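Here's the letter readout for the chains.
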Amino acid sequence: MTVPTRVCEPQTEAELIARARALSGLSFAELAQRFSLMAPPDLRRAKGFVGALLERALGASAGSRALPDFETLGIELKTLPVDGRGRALESTFVCTIPLAEIGEVEWQASRVRRKLSRVLWIPVQGEREIAVPERRIGEPLLWSLTPEVEARLRFDWEELAGIIGRGDVESITGHIGRCLQIRPKAADSHARRRAIDADGVGFAALPRGFYLRASFTSEIVRAHYALSSYDTSSGSGETPT
DNA sequence: GATTGATCATGT
DNA sequence: ACATGATCAATC
(Lines give C-alpha, C1' and ligand atoms only; values in the text may rest on other atoms or scores of the structure.)
Protein backbone atom coordinates (compact mmCIF):
# COMPACT_ATOMS: atom_id res chain seq x y z
CA MET A 1 0.00 0.00 0.00
CA THR A 2 1.31 3.37 -0.99
CA VAL A 3 1.29 6.36 1.29
CA PRO A 4 1.02 9.59 -0.70
CA THR A 5 1.60 12.79 1.21
CA ARG A 6 0.03 14.94 -1.44
CA VAL A 7 -2.02 14.76 -4.61
CA CYS A 8 -1.49 16.86 -7.72
CA GLU A 9 -3.92 19.60 -8.63
CA PRO A 10 -6.84 18.45 -10.79
CA GLN A 11 -6.56 19.84 -14.31
CA THR A 12 -10.22 19.79 -15.21
CA GLU A 13 -13.50 20.28 -13.49
CA ALA A 14 -14.53 16.75 -14.39
CA GLU A 15 -11.42 15.39 -12.75
CA LEU A 16 -12.06 17.37 -9.59
CA ILE A 17 -15.66 16.18 -9.36
CA ALA A 18 -14.68 12.60 -10.02
CA ARG A 19 -12.14 12.74 -7.23
CA ALA A 20 -14.63 14.29 -4.86
CA ARG A 21 -17.28 11.70 -5.66
CA ALA A 22 -14.78 8.96 -5.02
CA LEU A 23 -14.31 10.27 -1.48
CA SER A 24 -17.96 10.25 -0.55
CA GLY A 25 -18.84 7.55 1.90
CA LEU A 26 -15.36 7.43 3.40
CA SER A 27 -14.89 8.15 7.07
CA PHE A 28 -12.36 10.73 8.20
CA ALA A 29 -10.29 7.94 9.70
CA GLU A 30 -10.22 6.05 6.42
CA LEU A 31 -9.21 9.09 4.41
CA ALA A 32 -6.65 10.19 7.01
CA GLN A 33 -5.07 6.76 6.91
CA ARG A 34 -4.28 7.23 3.23
CA PHE A 35 -1.96 10.01 4.25
CA SER A 36 -0.64 8.30 7.36
CA LEU A 37 -2.61 10.75 9.46
CA MET A 38 -4.66 10.11 12.54
CA ALA A 39 -8.09 11.69 12.83
CA PRO A 40 -8.23 13.65 16.10
CA PRO A 41 -10.57 12.49 18.89
CA ASP A 42 -12.31 15.86 18.80
CA LEU A 43 -11.99 19.08 16.82
CA ARG A 44 -11.47 21.43 19.73
CA ARG A 45 -7.78 21.72 18.98
CA ALA A 46 -8.05 20.72 15.35
CA LYS A 47 -10.78 22.92 13.93
CA GLY A 48 -9.30 22.93 10.48
CA PHE A 49 -8.59 19.22 10.29
CA VAL A 50 -11.47 18.22 8.06
CA GLY A 51 -10.96 21.07 5.63
CA ALA A 52 -7.25 20.45 5.39
CA LEU A 53 -7.77 16.72 4.91
CA LEU A 54 -10.16 17.25 2.01
CA GLU A 55 -7.85 19.85 0.47
CA ARG A 56 -5.06 17.39 0.55
CA ALA A 57 -7.09 14.52 -0.84
CA LEU A 58 -8.40 16.62 -3.72
CA GLY A 59 -5.15 18.31 -4.61
CA ALA A 60 -5.99 21.87 -3.59
CA SER A 61 -3.09 24.08 -4.56
CA ALA A 62 -3.38 27.31 -2.68
CA GLY A 63 -2.20 26.46 0.81
CA SER A 64 -2.88 29.50 2.94
CA ARG A 65 -2.52 31.98 0.11
CA ALA A 66 -5.34 34.31 -0.81
CA LEU A 67 -6.26 32.37 -3.93
CA PRO A 68 -8.96 29.87 -4.89
CA ASP A 69 -8.17 26.41 -3.59
CA PHE A 70 -8.10 25.12 -7.14
CA GLU A 71 -6.19 27.91 -8.72
CA THR A 72 -6.36 26.96 -12.37
CA LEU A 73 -10.04 26.05 -12.17
CA GLY A 74 -11.03 29.07 -10.11
CA ILE A 75 -12.91 26.91 -7.65
CA GLU A 76 -13.14 27.32 -3.89
CA LEU A 77 -13.45 24.26 -1.65
CA LYS A 78 -15.73 24.35 1.38
CA THR A 79 -16.53 21.48 3.69
CA LEU A 80 -19.92 21.87 5.33
CA PRO A 81 -20.76 20.05 8.55
CA VAL A 82 -24.36 18.82 8.40
CA ASP A 83 -26.76 16.89 10.60
CA GLY A 84 -28.69 13.76 9.70
CA ARG A 85 -31.27 15.78 7.82
CA GLY A 86 -28.69 17.57 5.76
CA ARG A 87 -28.92 20.83 7.65
CA ALA A 88 -25.76 22.89 8.13
CA LEU A 89 -24.51 22.86 11.71
CA GLU A 90 -22.13 25.78 11.42
CA SER A 91 -21.80 29.04 9.54
CA THR A 92 -19.25 29.16 6.74
CA PHE A 93 -16.31 31.53 6.84
CA VAL A 94 -15.93 33.39 3.55
CA CYS A 95 -13.11 35.91 3.87
CA THR A 96 -11.53 38.51 6.09
CA ILE A 97 -12.47 42.16 5.69
CA PRO A 98 -10.07 44.93 4.73
CA LEU A 99 -11.66 47.31 7.23
CA ALA A 100 -9.81 50.43 6.11
CA GLU A 101 -10.68 49.97 2.45
CA ILE A 102 -13.93 48.15 1.99
CA GLY A 103 -15.88 51.40 1.88
CA GLU A 104 -14.39 52.10 -1.50
CA VAL A 105 -14.88 48.65 -2.95
CA GLU A 106 -17.82 47.74 -5.14
CA TRP A 107 -19.67 44.46 -4.94
CA GLN A 108 -18.42 43.35 -8.34
CA ALA A 109 -14.84 43.53 -7.11
CA SER A 110 -15.49 42.26 -3.61
CA ARG A 111 -13.74 39.32 -1.99
CA VAL A 112 -17.08 37.81 -1.13
CA ARG A 113 -18.22 37.70 -4.73
CA ARG A 114 -14.92 36.32 -5.94
CA LYS A 115 -14.81 33.63 -3.29
CA LEU A 116 -18.36 32.49 -3.80
CA SER A 117 -18.41 32.71 -7.57
CA ARG A 118 -17.74 28.99 -7.82
CA VAL A 119 -17.62 26.64 -4.84
CA LEU A 120 -17.20 22.92 -4.43
CA TRP A 121 -19.32 22.13 -1.37
CA ILE A 122 -18.57 18.91 0.42
CA PRO A 123 -21.07 18.07 3.12
CA VAL A 124 -19.60 16.07 5.97
CA GLN A 125 -21.21 14.58 9.02
CA GLY A 126 -20.85 17.10 11.80
CA GLU A 127 -22.92 15.87 14.71
CA ARG A 128 -21.01 15.67 17.93
CA GLU A 129 -22.69 12.38 18.76
CA ILE A 130 -20.59 10.82 16.03
CA ALA A 131 -16.94 10.31 16.95
CA VAL A 132 -14.76 12.44 14.67
CA PRO A 133 -12.85 9.55 13.10
CA GLU A 134 -16.13 7.87 12.19
CA ARG A 135 -17.81 10.84 10.58
CA ARG A 136 -18.35 10.39 6.87
CA ILE A 137 -17.89 12.47 3.77
CA GLY A 138 -20.95 13.25 1.66
CA GLU A 139 -21.64 13.80 -2.02
CA PRO A 140 -19.95 16.89 -3.45
CA LEU A 141 -21.83 19.74 -5.05
CA LEU A 142 -20.14 22.04 -7.56
CA TRP A 143 -22.07 25.26 -7.23
CA SER A 144 -22.06 28.60 -9.04
CA LEU A 145 -23.45 31.91 -7.97
CA THR A 146 -26.79 32.47 -9.70
CA PRO A 147 -28.22 35.95 -10.34
CA GLU A 148 -30.90 35.35 -7.70
CA VAL A 149 -28.48 34.29 -5.01
CA GLU A 150 -26.02 36.97 -5.98
CA ALA A 151 -28.68 39.62 -5.50
CA ARG A 152 -29.33 38.38 -1.97
CA LEU A 153 -25.67 38.31 -1.08
CA ARG A 154 -25.12 41.69 -2.62
CA PHE A 155 -27.92 43.22 -0.60
CA ASP A 156 -26.38 42.07 2.68
CA TRP A 157 -22.86 42.90 1.57
CA GLU A 158 -23.76 46.44 0.59
CA GLU A 159 -25.47 47.08 3.89
CA LEU A 160 -22.53 45.71 5.88
CA ALA A 161 -19.79 47.23 3.78
CA GLY A 162 -21.68 50.51 3.92
CA ILE A 163 -21.68 50.50 7.71
CA ILE A 164 -17.94 49.92 7.76
CA GLY A 165 -17.42 52.55 5.10
CA ARG A 166 -19.22 55.07 7.28
CA GLY A 167 -16.79 54.29 10.09
CA ASP A 168 -19.29 52.35 12.19
CA VAL A 169 -17.67 48.93 12.23
CA GLU A 170 -17.99 48.84 16.01
CA SER A 171 -21.76 48.92 15.71
CA ILE A 172 -21.85 45.71 13.69
CA THR A 173 -23.06 42.53 15.35
CA GLY A 174 -23.75 39.07 13.97
CA HIS A 175 -27.43 39.91 13.81
CA ILE A 176 -27.19 42.00 10.67
CA GLY A 177 -27.69 40.33 7.30
CA ARG A 178 -30.16 37.70 6.07
CA CYS A 179 -27.64 35.34 4.46
CA LEU A 180 -24.30 37.04 4.98
CA GLN A 181 -23.12 38.26 8.37
CA ILE A 182 -19.99 39.75 9.92
CA ARG A 183 -18.36 38.21 12.97
CA PRO A 184 -14.95 38.39 14.59
CA LYS A 185 -12.18 36.49 12.86
CA ALA A 186 -9.14 36.57 15.08
CA ALA A 187 -6.83 34.57 17.26
CA ASP A 188 -8.56 36.13 20.28
CA SER A 189 -10.53 39.18 21.30
CA HIS A 190 -7.40 41.24 21.82
CA ALA A 191 -6.32 41.08 18.19
CA ARG A 192 -6.44 44.41 16.37
CA ARG A 193 -6.49 45.56 12.77
CA ARG A 194 -6.39 49.02 11.24
CA ALA A 195 -9.80 50.57 10.61
CA ILE A 196 -11.17 54.05 9.86
CA ASP A 197 -13.65 55.83 12.11
CA ALA A 198 -16.50 58.17 11.17
CA ASP A 199 -14.15 61.16 11.05
CA GLY A 200 -11.72 59.41 8.75
CA VAL A 201 -9.25 58.78 11.56
CA GLY A 202 -7.50 55.46 11.82
CA PHE A 203 -8.01 53.24 14.84
CA ALA A 204 -7.40 49.66 15.95
CA ALA A 205 -10.42 47.38 15.57
CA LEU A 206 -11.10 43.73 16.15
CA PRO A 207 -10.47 41.86 12.88
CA ARG A 208 -13.67 40.59 11.32
CA GLY A 209 -14.79 38.31 8.56
CA PHE A 210 -17.79 37.58 6.39
CA TYR A 211 -19.67 34.38 7.13
CA LEU A 212 -22.57 32.63 5.43
CA ARG A 213 -25.39 31.77 7.80
CA ALA A 214 -26.12 28.09 8.27
CA SER A 215 -29.68 28.65 7.10
CA PHE A 216 -28.33 29.93 3.79
CA THR A 217 -25.89 27.10 3.14
CA SER A 218 -28.56 24.61 4.19
CA GLU A 219 -30.76 25.95 1.41
CA ILE A 220 -28.01 25.62 -1.14
CA VAL A 221 -27.20 22.07 -0.26
CA ARG A 222 -30.78 21.01 0.16
CA ALA A 223 -31.79 22.54 -3.14
CA HIS A 224 -29.33 20.32 -4.91
CA TYR A 225 -29.70 17.46 -2.43
CA ALA A 226 -26.27 16.53 -1.22
CA LEU A 227 -25.60 14.09 1.59
CA SER A 228 -28.21 11.55 0.57
CA SER A 229 -28.34 9.52 3.76
CA TYR A 230 -25.77 7.90 5.90
CA ASP A 231 -27.16 5.65 8.55
CA THR A 232 -29.39 8.11 10.29
CA SER A 233 -31.60 5.15 11.03
CA SER A 234 -30.08 3.46 14.05
CA GLY A 235 -32.49 3.95 16.93
CA SER A 236 -29.90 4.93 19.50
CA GLY A 237 -32.45 6.88 21.46
CA GLU A 238 -32.50 10.32 19.87
CA THR A 239 -36.10 11.15 20.54
CA PRO A 240 -36.80 14.89 20.55
CA THR A 241 -38.94 16.12 23.38
C1' DG B 1 -32.07 24.80 20.26
C1' DA B 2 -30.02 28.53 17.53
C1' DT B 3 -26.88 32.05 17.25
C1' DT B 4 -23.05 35.23 18.27
C1' DG B 5 -18.69 36.26 19.73
C1' DA B 6 -14.34 33.85 20.92
C1' DT B 7 -10.95 30.83 19.82
C1' DC B 8 -7.43 27.06 17.87
C1' DA B 9 -3.83 25.09 14.48
C1' DT B 10 -0.97 25.55 10.53
C1' DG B 11 1.42 27.68 6.48
C1' DT B 12 3.71 31.58 4.10
C1' DA C 1 1.72 39.24 10.98
C1' DC C 2 -1.85 37.62 8.59
C1' DA C 3 -3.73 34.43 5.57
C1' DT C 4 -5.77 29.73 5.37
C1' DG C 5 -8.81 25.85 7.45
C1' DA C 6 -12.99 26.26 10.69
C1' DT C 7 -15.58 24.81 15.52
C1' DC C 8 -16.25 25.90 20.38
C1' DA C 9 -18.96 27.46 24.04
C1' DA C 10 -21.37 31.20 26.36
C1' DT C 11 -25.52 33.33 25.80
C1' DC C 12 -29.89 34.53 23.75
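Owing to the predicted nature of the structure, the values given are computational and were not obtained by experimental measurement.

## Here's the deal with the sheet that holds strand 3 (residues 118–125)
- An order of 1-3-4 is seen for the 3 strands of this open sheet, with the pairing classed as mixed. Either end of the sheet is taken by a strand with one partner, and the two such strands are strand 1 (76–82) and strand 4 (141–144). If you compare each strand with its neighbour and ignore which way they point, the axes differ by 35 degrees on average.
- Across the face of the sheet, helix 3 (residues 49–58) comes into contact with strand 1 and strand 3 while running at roughly 135 degrees to strand 1.

## Section: the sheet that holds strand 2 (residues 92–96)
- Spatial ordering of the open sheet is given by 2-8-5, a layout of 3 strands whose pairing is antiparallel. Looking at the sheet topology across the chains shown, the edges are occupied by strand 2 and strand 5 (180–184). On average, each strand axis in the sheet is inclined to that of its neighbour by 35 degrees, with strand direction left out of account.
- Alignment of strand 5 against strand 8 (residues 208–212), held across 5 bridges, turns out to be antiparallel. Across the sheet, L180 pairs through a bridge with L212, a residue of strand 8.
- Its contacts with the sheet place helix 5 (residues 147–165) against strand 5 and strand 8, and it is angled at close to 40 degrees to strand 5.

## Some thoughts on the packing of aromatic side chains
- By the definition in use, this model includes 3 aromatic pairs.
- Considering the side-chain rings of F93 and Y211, the 5.4 Å spacing of their centres and the 65 degrees angle between planes classify their relative orientation as edge-to-face. Taken together, the residues span a long stretch of sequence, with F93 in strand 2 and Y211 in strand 8 at a distance of 118 residues.
- Its relative accessible area of 10% is what places Y211 among the buried residues.
- Above the plane of the ring of Y211 lies R183, whose end atom (NZ or CZ) is 4.2 Å from the centre.

## Here we look at the protein's contact with DNA strand B
- Taken together, 17 residues sit near DNA strand B, with R45, K47, G174, R183 and A186 positioned nearest.
- The share of sugar and phosphate among atoms of DNA strand B within 4 Å of the protein is 58%.
- At a separation of 2.9 Å, a phosphate oxygen of DNA strand B approaches a polar side-chain atom of Q181.
- The separation between a base oxygen of DNA strand B and a polar main-chain atom of A186 is 3.4 Å.
- The residue inventory of the surface near DNA strand B, partitioned by class, reads 4 nonpolar, 6 polar and 7 charged.

## Some points on the environment of L26
- As for its placement among the helices and strands, L26 is situated in the loop between helix 1 (13–23) and helix 2 (28–34).
- Along the chain, L26 and E134 lie 108 residues apart, while their C-alpha atoms are 8.8 Å from each other.
- With sequence-adjacent residues up to four places away left out, L26 is seen in contact with L31, R34, R135, R136 and I137.

Basis of the calculations
- Residues numbered from 1 in each chain as written.
- Chains lettered and ligands numbered in written order.
- Predicted model: local features only at pLDDT ≥ 70, side-chain atom pairs only at ≥ 80, totals over all residues.
- Heavy atoms only, no water.
- Pairing = 2+ DSSP bridges.
- Helix = DSSP H or I, 4+ residues; strand = E, 2+ residues; numbered from the N terminus.
- Axes fitted to C-alpha atoms, helices over the stretch in contact; angles between N-to-C directions.
- Contact = heavy atoms within 4.5 Å.
- Phe/Tyr/Trp six-rings, centres within 6.5 Å; stacked < 30°, edge-to-face > 60°.
- Buried < 20%, exposed > 50% of the residue type's maximum accessible area, 1.4 Å probe, protein only.
- Lys NZ or Arg CZ within 6 Å of the ring centre and 35° of its normal.
- Near = heavy atom within 4 Å.
- Polar contact = N/O pair within 3.5 Å; in protein donor to acceptor, adjacent residues only side chain to side chain.
- Nonpolar A, V, L, I, M, F, W, Y, C, P; charged D, E, K, R; others polar.

Honestly, it's all geometry; don't read function into it.
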